[in-house]
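An overview of the molecular structure
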Amino acid sequence: METTVRDQELVAALRRGDEAAYVSLVSEHQASFLRIVRAWVRDPTSAEEVVQKTWLTALESLSRFEGRSSVRTWLYGILINVARGHARSERRTIPMSSLEAEETAEAAPAVEPERFQPEGHRWEGHWTAAPAPFPSPDSALERAKLRSLLQSAIAQLPPVQQEILVLCDVEGLSGEEACNILGVSGTNQRVLLHRARSKVRAILEREFAKEGGS
């Protein structure tokens, strides 16, 4: 996604040292930055430090912004790199060269095979029983509880799957933007997103089943 006129004006203002433009940019993306960075940095204080470093890095790199992507994509790319660098320095991750291969080669199916009709069945490949619908939260307390369960489920995903899910399903980025930010192919992006969604649903199903049986 190429830069828009708004992005061009924003970058020009930032290069002039326009403080209001910077404050507006931080206000727009700060919460998203914190959600994304938690895929790599669990400690809240460290996450804040990573986000702060991201903003400083972005300001220092403004002269090199070429407009080949949107400002949002460019910023998120810097954020991911800073977060991964922090995680590596804290020895909480493995070398990035092996992450994509590990995710792509993951042998476990996204959904348990026994949940589908077996080979040779008239409805082969269809659900043996459709997944139960999730309860609809009616009160603010129930919505807060569901949000907490969802955040916990996302936190259990491998880091790259967390990033894909948060970027696409929480932040609303396109698959193309997510690919550009994370440096993965379109095929891997789709596979990783499918796995992430399936795992989150499975985790939520187990949690709701526990509540239903209690």
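Residues numbered from 1 in each chain as written. Predicted model: local features only at pLDDT ≥ 70, side-chain atom pairs only at ≥ 80, totals over all residues. Heavy atoms only, no water.

**Observations concerning the overall build of the chain**
This is how it is decided: A run of DSSP states H or I qualifies as a helix once it reaches four residues; a run of E qualifies as a strand once it reaches two. Both are numbered from the N-terminal end. Here's how the labels work: a residue is buried when its accessible area is under 20% of the maximum for its type, exposed when over 50%, partly exposed in between, all with a 1.4 Å probe on protein chains only. Contacts were defined at the residue level, with two residues in contact if any of their heavy atoms lie within 4.5 Å. Note that accessible areas follow from Shrake-Rupley with a 1.4 Å probe, and for residues the cover is restricted to the protein chains shown.
Along its length, the chain carries nine helices and zero strands. Along the chain, helices (α) and strands (β) appear in the sequence α-α-α-α-α-α-α-α-α when read from the amino end. Counting every position in the chain, which comprises 214 residues, the buried fraction comes to 38%. Sequence separation of 24 or more characterises 67% of the internal contacts of the chain that already satisfy a separation of 6 or more. For the chain, the exposed surface amounts to about 12,500 Å²; the carbon and sulfur share of it is 53%.

**Regarding a negative patch on the surface**
The cut-off we apply is this: Grouping into patches uses exposed residues only, defined as over 30% relative accessible area, and leaves out salt-bridged ones; the cut-off is 9 Å for like charges and 5 Å for nonpolar side chains (Val, Leu, Ile, Met, Phe, Trp, Tyr). In what follows, salt bridge is the name for a side-chain nitrogen of Lys or Arg lying within 4 Å of a carboxyl oxygen of Asp or Glu. Under the counting rule used here, the positive set is Lys and Arg, the negative set is Asp and Glu, and His together with the chain ends is not counted. A charge is said to be at NZ when it belongs to Lys, at CZ for Arg, at CG for Asp and at CD for Glu.
On the surface, Asp 43, Glu 48, Glu 49 and Glu 90 cluster together into a patch of negative charge. Glu 48 gets classed as partly exposed once you look at its relative accessible area, which sits at 41%.

**Remarks on the confidence of the model for the chain**
If pLDDT is low for a region, its predicted coordinates should not be looked at in detail. Heads up, the condition is: The predictor reports its confidence for every residue as pLDDT, a score running from 0 up to 100.
Of all residues in the chain, 73% have pLDDT values of 70 or greater, and the mean over the chain is 80. Across the chain, the element-wise mean pLDDT spans from 45 in helix 5 (residues 96–104) up to 94 in helix 3 (residues 44–60). Predicted confidence for residues 96–105 stays below pLDDT 50, and this span has 19 contacts to residues more than four positions away or in other chains.

**Here's the deal with the packing of helix 2 (residues 19–37) against helix 4 (residues 71–89)**
To keep things clear, this is the line we draw: The angle between two axes is taken between their N-to-C directions and runs from 0 to 180 degrees, where each axis is a line fitted to C-alpha atoms and a helix contributes only its stretch in contact. The labels follow the angle: roughly parallel below 35 degrees, roughly antiparallel above 145, roughly perpendicular from 65 to 115, and oblique for the rest. Crossing handedness: left-handed means the near helix sits turned counterclockwise from the far one by under a right angle, and right-handed means the same turn made clockwise. Amino acid classes used here: Ala, Val, Leu, Ile, Met, Phe, Trp, Tyr, Cys and Pro are nonpolar; Asp, Glu, Lys and Arg are charged; the rest, including Gly, are polar.
Helix 4 packs onto helix 2 with a crossing angle of 40° between their chain directions and a minimal axis gap of 11 Å. Judged by the inter-axis angle, helix 2 sits oblique to helix 4. Between helix 2 and helix 4 lies a crossing whose hand is right-handed. In this structure, helix 2 uses Leu 25, His 29, Ser 32, Phe 33, Ile 36 and Val 37 to contact helix 4, whose residues at the interface are Val 71, Arg 72, Leu 75, Tyr 76, Leu 79, Ile 80 and Ala 83. Of the residues contributing to the contact of helix 2 with helix 4, the split by class is ten nonpolar, two polar and one charged.

**Considering empty space enclosed by the protein**
Convention followed: Using only the protein atoms, space was sampled on a 1 Å grid; points where a 1.4 Å probe fits but cannot get out form cavities, open sets with protein on both sides within 12 Å along at least five of seven lines form pockets, and lining residues are those with an atom within 4 Å of a point. Grid points are joined across faces, edges and corners, and a volume is the space filled by probe spheres set on the points.
All told, the structure shown has one cavity of 30 Å³ or more when counted by the stated rule. Volume-wise, the largest cavity comes out at about 50 Å³. Taken together, Leu 14, Tyr 22, Leu 25, Trp 55, Ala 58, Leu 59, Leu 62, Trp 74 and Leu 75 make up the lining of the largest cavity. Breaking the lining of the largest cavity down by element, the ones donating at least two residues are helix 2, helix 3 and helix 4. Considered class by class, the residues forming the lining of the largest cavity number nine nonpolar, no polar and no charged.

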